[in-house]
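# Chain and residue survey
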Amino acid sequence: MQLTFLGATMGVTGSSFLLESGGRKILIDCGMFQGSKIVSAMNRRAFAFSPAELDCVLLTHAHIDHSGLLPKLCKAGFRGPIFATKGTIELCSIMLPDSAYIQEFDAEIENRKGKRMGRPPVEPLYGIEDAQECLKQFRPVEYEVEFSLGEGIHVHFHDAGHILGSSMLEIHATESGKETHFLFSGDLGRSDQPIIKDPAYIDAADFVVMESTYGDRDHVEVDWEERLAQIINETSERGGNVIIPAFAVGRTQIMLYYLIRLLQAGRIPKMPIIIDSPLAIAATDVFRRNTQYYDKEARELLKNGIPNSAEMPQLHFSRTSDESKAINSMTTPAIIISASGMADAGRILHHLKHNLWRPESSVLFVGFQAEGSLGRRLVEGGKKVRIMGEEISVRARIYNLDGLSAHADRDDMLKWLECFKQKPATVFLVHGEVESAEALSASIGEKLSIPAYIPRYGDVATFEGRSWELSRFPGLPALEPAVQQLQTALSEMDGDWIEAKQKLENMVATDGAKMSAVLARLVKIRKFMRKTLGDL
């Protein structure tokens, strides 16, 4: 019996784990790698296994970093069932075709550029038809209902409290007469977050594969409605827009929940609230239809009637490209919620391009910002950023309310582990950057006396009861985070140098008298580089 770690190792995306037991091969998640170009290039790698040999996929939830490579998997020959909750299936039915559209669009743009440069054409990872075919393989499961994947393997889905339909997976696997009890946390949610129920607590497992996104910190406990109202009111008084990059699924609906409550209480002005994302609009409809996942507070709001755009005239849903473009011609302050949540793609880029340079506007981040993302550069204080080939000065006020994240923080995760009546033999920490995973590993050891291990890409854990040993998947190169980080930094420097080179060439072409000054500065740069890097 063995578990191979094929994603979300020492990083927060690309969730994928291959469990093999009793001759069966079960894939837990098949997520897309997101972030820098180096990380995203992982999506182009061939699968480390034969998709046709898989028996099934167990999907924890619909977010693309957990589900985004499923169409590629099916296209490559996987024909088995994909088990997920009803909520996850409905969200995937809109998210995977949307992802396919992005793959096709990006390939088209790349091929236009490549044709001019004589490069061979590239194929999209998958197309819309592939996504639609993949959706036919989904099979719904209920929370807390055991089902069998064949003799010796039994599965329970439990509510992970992260987004609508999100799950943690409890798997009992028996091989050679010995049972091993696994628990995969998926993305573990926070207690008391709006709309959805709190995460389930499980009291037993031999091995836990657990996320560690916020393993090095606790969310700041503040009155989020009060803080949100303050930012909106101050920005409105300055005459600016509030730009909220938000994931289309989960974050957008929670922000809408808060804004409706603030409007109904008269705590913010009746300014336009614009949801500018067709995917977010479709996801909001899925949330409306699946009230079985709501918590008590959300049910009360539903009972009193959730307002629609007719009942709340300042609420607008921007579906078409023309409607989206028209937003940036508005002359009155507005709240604009758009995807993606890390500001790396989508319509949000246009709104940032039109608002980052405006000191009267605000940009409000409400979720995790991965290494290498535009959102990460902004929350870390970047003064200039490049958006769609144009350098933009950052004069807007940047706010980072990561306490609004749908991910559990360090304290939440420790409390979740404390509920085990028998301590797990080992906790495998995934879905977190190295610093977060290492900090959580130390906390688990110090406070709970449970061994924790941080897997690398391609690690294979072989189990016998509550014992395990580590090996490497043969022929699979490791994805070292340090190398990723270095290559990302060097890539950014390449961009800076290309920009400087063009500027210098234009300057000398315009005024040849400046040539000697430019050469003198280049000599200084070369000397500085040799001095700085020479002793490494």
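Rules and cut-offs
- Residues numbered from 1 in each chain as written.
- Predicted model: local features only at pLDDT ≥ 70, side-chain atom pairs only at ≥ 80, totals over all residues.
- Heavy atoms only, no water.
- Pairing = 2+ DSSP bridges.
- Helix = DSSP H or I, 4+ residues; strand = E, 2+ residues; numbered from the N terminus.
- Contact = heavy atoms within 4.5 Å.
- Axes fitted to C-alpha atoms, helices over the stretch in contact; angles between N-to-C directions.
- Expected span 1.5 Å × (residues − 1).
- Bend = angle between axes of the 7 residues up to and from the residue.

### A word on the sheet that holds strand β7 (residues 147-148)
Read from one edge of the open sheet, 7 strands run β7-β8-β9-β10-β11-β20-β21, paired in mixed fashion. The open sheet has two edge strands with one neighbour each: β7 and β21 (452-453). Helix-sheet contacts for helix α13 (residues 410-418) involve β9 (167-175), β10 (178-184), β11 (207-211) and β20 (426-430), and the interaxial angle to β11 is about 165°. Contacts between helix α14 (residues 434-448) and the sheet are confined to β11, β20 and β21, with β20 contributing the most and set at about 160° to the helix.

### A few points about the sheet that holds strand β5 (residues 82-85)
Reading across the sheet, the 8 strands line up as β6-β5-β4-β3-β2-β1-β22-β23 and stay open at both edges, with mixed pairing between neighbours. Looking at the sheet topology across the chains shown, the edges are occupied by β6 (138-141) and β23 (467-472). In this sheet, adjacent strand axes meet at a mean angle of 25° when their direction is disregarded. Alignment of strand β22 (residues 459-464) against β23, held across 6 bridges, turns out to be antiparallel. When the sheet's bridge partners are listed, Glu 464 is paired in β23 with Ser 467. Here helix α4 (residues 86-116) sits on the sheet and contacts β5 and β6; the angle it forms with β5, its principal contact strand, is near 110°.

### A few points about α4
If you check α4, its first and last C-alpha atoms are 46 Å apart, about what 31 residues at 1.5 Å a residue would give, namely 45 Å. Within α4, the axis deviates most sharply at Cys 92, by approximately 30°. Phi turns positive one or two residues past the end of α4, at Gly 118, with a value near 75°.

### Points about the pairing of strand β3 (residues 24-28)
Pairing analysis gives 5 bridges linking strand β2 (residues 17-21) to β3, with the strands arranged antiparallel. Within β3, the position partnered with Leu 19 by the bridge is Ile 26. Pairing analysis gives 3 bridges linking β3 to strand β4 (residues 56-58), with the strands arranged parallel. Bridge pairing links Leu 27 to Val 57 in β4.

These values are about where atoms sit, not about what they do.
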